[in-house]
Amino acid sequence: GYGVGVKAGVLAGVQQRYSSSDVRFLMKPNPSALKKGRGGRSSFSGNVATVFGASGFIGRYVCNRLGKTGTQIIIPYRGDHYDVLRLKLVGDLGQVLFMFYNLCDEDAIRKAIKHSNVVINLVGRDWETMNFSFEQVHVEGAERLARLSKEMGVERFIHLSALNSNVEHEGYYVKGGSKFLKTKGLGEQAVRAAFPEATIIRPSDVYGQEDRFLRYYAGIWRHQGRLLPLPKAGKDIWKQPVYVSDVAQGIVSAMNDPETAGKIYEAVGPRRYELSELVDWFHRVMRKDGYMRYDMKWDLSFKWKARMTEFLPSWPLNTLTRDKVEREAVSDTTTGLPTLEDLGVTLTKMEDRIAWELKPYRSGNYYDEELGEFEPPEPPKFIAAA
């Protein structure tokens, strides 16, 4: 009788300790009550974040930052699961969850966010496709995510917009200006209406591994032989590029700071460069001799090239489209709103990254140079950000 009693007691203890009813996994309204660990990869920070657009350029960096701090990540994806397969490694075992969704499917979106206290919207398109227009992605899709997040009781909604989306543009290359920027601005308004406490991040041109800024200018299809057509030949157009890791850190910092709710942040780099200076510098780093830029406005062959590229089935060659060219003509304009530095981010200087980023595009890339054989490329002129 004694032995049976001991066994029953032990069994009851084990059942109580490991009962599934006792594990409040991903349960609202307070997942922070489950915080555990020292704050690293193998901890649980108390945040459960659904990241829409995780398979994109910025999304991969954001997920990596979230995983390092023990955030449970839910990654909705469309298309092939191989597009997001490698994101399984950004967090510890069981911390990264995947589910199939479509931006127009409200039921799937609800399932993706019902356990989350944070939703991050990084969904965007650089060009329009047969499936999705700029309006459907940047305005209707953003509004849908914000509205359903509010409906499901999500505490924090972070929306990635674009710098210059709040400014009217007459258009230099495309009549009426960039549809990308216009719809990003309308998307901000739609998000604000649906989720007033949303935090909005407006990045300038973002550079880093697999970007569409440095690699855009390095690509052969962007050139006309040894010539490079630019708006106004790159003169009097000012850019303030920002490093992708800085943007990702800013998003994660905003997520962890309740004071950022309802605010807009301008994610720009620490220095302003004239476009002509930037592109000349890129070519010096790539050791491309004989290159020359000119004003593209009256180059009908280049306009035809950009137009024809848009007809490719799914991916414009070198990401060249007329709308992207139009965005090149827009100077980055800050309006005095808070920046990444207000989120505690130490900004990365472009000069510290450019040699590494453009090394694969260097002329004679496989040439084993002798020490000191090539002069260091002259850095560009810049204006320190105010």
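Residues numbered from 1 in each chain as written. Predicted model: local features only at pLDDT ≥ 70, side-chain atom pairs only at ≥ 80, totals over all residues. Heavy atoms only, no water.

**Q** Would you take a moment to explain the sheet that holds strand 9 (residues 238-239) for this structure?
**A** In a beta sheet, neighbouring strands are held together by backbone hydrogen bonds and run either parallel or antiparallel to one another. An order of 9-12-14 is seen for the three strands of this open sheet, with the pairing classed as antiparallel. Only two strands of the sheet have a single neighbouring strand rather than two, namely strand 9 and strand 14 (383-384). Here strand 12 (residues 271-274) runs beside strand 14; their pairing, made up of two bridges, is antiparallel. Of the residues in strand 14, the one forming a bridge with R272 is I383. Lying on the sheet, helix 8 (residues 275-285) is in contact with strand 9 and strand 12; it crosses strand 12 at an angle near 85°. (Pairing = 2+ DSSP bridges. Helix = DSSP H or I, 4+ residues; strand = E, 2+ residues; numbered from the N terminus. Contact = heavy atoms within 4.5 Å. Axes fitted to C-alpha atoms, helices over the stretch in contact; angles between N-to-C directions.)

**Q** Can you help me understand the pattern of salt bridges in this one?
**A** Close approach of charged atoms allows side chains with opposite charge to pair. Per the counting criterion, the structure on display carries 22 salt bridges. Of the charged contacts, one joins R110 and D107 as a salt bridge, the two residues approaching to 3.3 Å between their closest N and O atoms. In this pair, R110 and D107 are both assigned in helix 3 (residues 106-113), three residues apart and thus about one turn of the helix distant. For R110, a relative accessible area of 22% gives the class partly exposed. A salt bridge links R327 to D323; the shortest N-O distance between them is 3.1 Å. Within this pair, R327 and its partner D323 are both found in helix 10 (residues 322-328), separated by four residues, close to a single helical turn. Both residues of the pair, R327 and D323, count as buried. One network of salt bridges, in which partners are shared, links E106, D107, R110, E143, R144, R147 and E151. (Salt bridge = Lys/Arg side-chain N within 4 Å of Asp/Glu carboxyl O. Buried < 20%, exposed > 50% of the residue type's maximum accessible area, 1.4 Å probe, protein only.)

**Q** What is the right way to read the side chain of D126 from this model?
**A** Along the chain, D126 turns up in the loop between strand 4 (118-121) and helix 4 (134-151). Polar contacts involving the side chain of D126 include one to the side chain of R212, which spans 3.2 Å. When residues no more than four places from it in sequence are discounted, the contact partners of D126 are F134, F180, R212, T321, K324 and R327. (Polar contact = N/O pair within 3.5 Å; in protein donor to acceptor, adjacent residues only side chain to side chain.)

**Q** In this structure, what is going on with the packing of aromatic side chains? I would like to understand it.
**A** Aromatic ring pairs are described here by two measures, namely the spacing of the ring centres and the angle between the planes. Per the stated rule, a full pass over the model turns up 15 aromatic pairs. When the centroid spacing of 5.8 Å and the interplanar angle of 85° are considered together, the rings of Y77 and F100 count as edge-to-face. Of the two residues, Y77 is situated in strand 2 (residues 72-77) and F100 in strand 3 (residues 96-100); the sequence distance between them amounts to 23 residues. Measuring from ring centre to ring centre gives 6.5 Å for Y367 and F374, while their planes differ by 90°; the resulting arrangement is edge-to-face. Judged by its relative accessible area of 47%, Y367 is partly exposed. Three or more aromatic residues joined by ring pairs make a cluster, and in this case those are F213, Y216, Y217, Y273, W281, F282 and F382. Lying over the aromatic face of F382, R271 brings its terminal NZ or CZ to 3.9 Å of the ring centre. (Phe/Tyr/Trp six-rings, centres within 6.5 Å; stacked < 30°, edge-to-face > 60°. Lys NZ or Arg CZ within 6 Å of the ring centre and 35° of its normal.)

**Q** I would appreciate a short explanation of a nonpolar patch on the surface in the present structure.
**A** A surface patch of nonpolar side chains, amounting to about 250 Å² of accessible area, comprises W221, L312 and L317. In this structure, L317 sits in the loop between helix 9 (300-309) and helix 10. (Patch = residues over 30% accessible without salt bridge, like charges linked within 9 Å, V, L, I, M, F, W, Y side chains within 5 Å. Areas by Shrake-Rupley, 256 points an atom, 1.4 Å probe, with all protein chains shown as cover.)

**Q** What am I meant to see in the packing of helix 2 (residues 57-68) against helix 7 (residues 244-256) here?
**A** Any two packed helices are characterised by how steeply their axes cross, that is the angle between the axes, and by the distance between the axes. Their axes nearest at 9 Å, the elements helix 2 and helix 7 cross at an angle of 55°. Taken together, the axis directions place helix 2 and helix 7 in an arrangement best described as oblique. For the element pair helix 2 and helix 7, the recorded crossing hand is right-handed. Two secondary-structure elements touch here, helix 2 through F57, I58, Y61, V62, R65 and L66 and helix 7 through V244, S245, V247, A248, Q249, I251, V252 and M255. (Parallel < 35°, antiparallel > 145°, perpendicular 65-115°, else oblique. Left-handed = near helix turned anticlockwise from the far one by under 90°.)

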